[in-house]
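Chain and residue survey
Chain residues, written in single-letter form:
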Amino acid sequence: MTSKAASSIMESEMVLGVGSWMVCSMGMLIFNKQAITAYPFEGSLTAMQMLFSVLALLCGAHRSIHIGSRKDVLRWSMVVPFFSGMLLTSILALKNAPMTLVIVFRSLSPLISVLIEQFYPEPLKITPKLVGTIAVMVGGAALYVSQMDRSNMVGVQWVTLNMLFAIADRLLQRLMLAKDQNPVDISKTGVTLLNNALGMVPLFFVALCTGELAKAPATFAALSTAGWFWVGMSCVVGLGISYTGIWAQSLISATSFLVLVNANKFFIIFIEAYLMRTKGVLTPRQVLGATISIAGGIAYALVRQRIEQDAAEQGERQKLIQEPAEVKPNEEDSTMKAGP
């Protein structure tokens, strides 16, 4: 296979992986927003979504599940609390805060992520252009939220926790999945299974302690057909986002993934404002702020790509300099025979 063909395959996989995650991400937020309204118990709802993912993987994808060793499982178990926390606080944020507030706090994620990535085995070089693009994203998000009704500024603690859990989850996944870092010997379906199987245990325990499980039967009995649909679809899309999130994270950096998350949220706001009509009509300044932030995300991606390309080219040059010149044995013998 030529290098051009291999590059084309990698680009196609990146488009498919990232595109699939974007679709699942939008679906997850919309279905979760409706599901938590129909079934207002976040702990047991999240646990049910994870249980559905485990059963679906064991029934339909067990052949692709590969777990290298116990050491790999122990390493990956560090990700599980942050994965569970991210899902739970995401639902709590949707339940208690408007999506615009989530946008503002998530726009800070790339800046924090870039700083933490400096402790990776292969850290990213920070340039003024990179910092500038992040500043543009933050500025656009700030302009967007400046026109928001201050009475909607609720649930700040859940949005903050969700941002922190998301940063930790993506950074750890990047470290343990990317080929240029320190990857574990576990397949994508394997880590999806571990995330959900290990993560649902504490959530069921929380649901038991808070009394959610005792109230669940009566709540399910009172669910309408639409309510069952939203809860069921949140489970289906939850499985999709569990897999595609890991797939996309193995293809791009943690910071790029978080920037993608931010840009994706503006599509959610558009759907809420103009299709679902849950947040009213966006003002011109909000539209401008969203446009600026998305443009900043595109600029960030281009700057980041250039930095990574320069780093790769520099690494290749260093390898060529460090490699000693090899002399073939027959050439060495002929030189010795010829003499001075």
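Predicted, not measured: the structure shown is a model, and the values here were computed from it.

Here the focus is the nonpolar core. Counting residues in each nonpolar core, the largest one holds 14 residues, and the members touching the most others are M50, F83, M86, L87 and L203. The set of elements that each furnish at least two residues to this core consists of α2 (42–60), α4 (80–96) and α9 (188–209). In terms of residue count, the dominant contributor to this core is α4 (5 residues). Ignoring any residue separated from it by four or fewer positions in sequence, one finds M86 in contact with N162, F165, A166, D169 and R170.

The next point concerns the environment of V237. Inspection of the secondary structure puts V237 in helix α11 (residues 225–251). Separated by 206 residues in sequence, V237 and F31 have C-alpha atoms that sit 8.2 Å apart. Apart from the residues within four sequence positions on either side, V237 is in contact with C24, G27, M28 and F31.

All right, on to empty space enclosed by the protein then. All chains considered together, the criterion is met by 2 cavities of 30 Å³ or more. Quantified by volume, the second largest cavity comes out at close to 40 Å³. Together, M28, Q49, M50, S53, L87, N196, G238 and S242 line the second largest cavity. It is α2 that provides the largest number of residues to the lining of the second largest cavity, a total of 3 residues. Partitioning the lining of the second largest cavity into residue classes produces 3 nonpolar, 5 polar and no charged.

The next thing to look at is the packing of α4 against helix α8 (residues 156–177). Where α4 meets α8, the closest approach of the two axes is 8 Å, and the angle between their N-to-C directions is 150 degrees. Considering their axes alone, α4 and α8 lie roughly antiparallel with respect to each other. Between α4 and α8 the crossing geometry is left-handed. Of the residues in α8, those in contact with P81, F82, F83, G85, M86, T89, S90, L92, A93 and N96 of α4 are W158, V159, L161, N162, F165, A166, A168, D169, R170, L172 and Q173. Residues that form the contact of α4 with α8 fall into these classes: 13 nonpolar, 6 polar and 2 charged.

Okay, the confidence of the model for the chain next. With 76% of its residues at a pLDDT of 70 or more, the chain shows a mean pLDDT of 77. Counting contacts from residues 334–338, a segment whose pLDDT is below 50, to residues more than four positions away or on other chains yields 0 contacts.

The topology assignment puts S53 in helix α2. With relative accessibility at 0%, the residue S53 sits in the buried group.

Considering the arrangement of structural elements, one finds T244 in helix α11. Residues T244 and V23 lie 221 residues apart in sequence; the distance between their C-alpha atoms is 9.6 Å. Once residues within four sequence positions are removed from consideration, T244 is found in contact with G17, S20, W21 and C24.

In this section: the packing of aromatic side chains. Enumeration over the complete set of coordinates arrives at 7 aromatic pairs. With a centroid separation of 5.2 Å and 85 degrees between ring planes, the pair formed by Y39 and F41 is classed as edge-to-face. The burial state of Y39 is the same as that of F41; both residues are buried. Relative to W230, the ring of F229 lies with its centre 5.2 Å away and its plane at 65 degrees, an arrangement referred to as edge-to-face. The partly exposed category is assigned to F229, whose relative accessible area is 44%. Pairwise contacts between aromatic rings join Y39, F41, F220 and W228 into one cluster.

Here we come to the side chain of Q49. Position of Q49 relative to the elements: it lies in helix α2. A polar atom in the side chain of Q49 sits 3.1 Å from the side chain of S234. For Q49, the residues in contact, after removing those within four places along its chain, are M28, N32, I91, S234 and C235.

Across its 22 residues, α9 extends 32 Å between first and last C-alpha, which sits within 8% of the 32 Å expected from 1.5 Å per residue. At M200, α9 shows its maximal kink, close to 30 degrees; a proline, P202, follows between one and four residues later. For α9, the complete set of buried residues consists of T189, G190, V191, T192, L193, L194, N195, N196, G199, M200, L203 and A207. Following α9 by one or two positions, G211 has its phi on the positive side, about 85 degrees.

Reading the values: the criteria
Residues numbered from 1 in each chain as written. Predicted model: local features only at pLDDT ≥ 70, side-chain atom pairs only at ≥ 80, totals over all residues. Heavy atoms only, no water. Core = buried A, V, L, I, M, F, W, Y, C linked by side-chain atoms within 4.5 Å. Buried < 20%, exposed > 50% of the residue type's maximum accessible area, 1.4 Å probe, protein only. Helix = DSSP H or I, 4+ residues; strand = E, 2+ residues; numbered from the N terminus. Contact = heavy atoms within 4.5 Å. 1 Å grid on protein atoms, 1.4 Å probe; cavity = no way out; pocket = protein on both sides within 12 Å on 5 of 7 lines; lining within 4 Å. Points joined across faces, edges and corners; volume = space filled by probe spheres on them. Nonpolar A, V, L, I, M, F, W, Y, C, P; charged D, E, K, R; others polar. Axes fitted to C-alpha atoms, helices over the stretch in contact; angles between N-to-C directions. Parallel < 35°, antiparallel > 145°, perpendicular 65-115°, else oblique. Left-handed = near helix turned anticlockwise from the far one by under 90°. pLDDT = per-residue confidence, 0-100. Phe/Tyr/Trp six-rings, centres within 6.5 Å; stacked < 30°, edge-to-face > 60°. Polar contact = N/O pair within 3.5 Å; in protein donor to acceptor, adjacent residues only side chain to side chain. Expected span 1.5 Å × (residues − 1). Bend = angle between axes of the 7 residues up to and from the residue.

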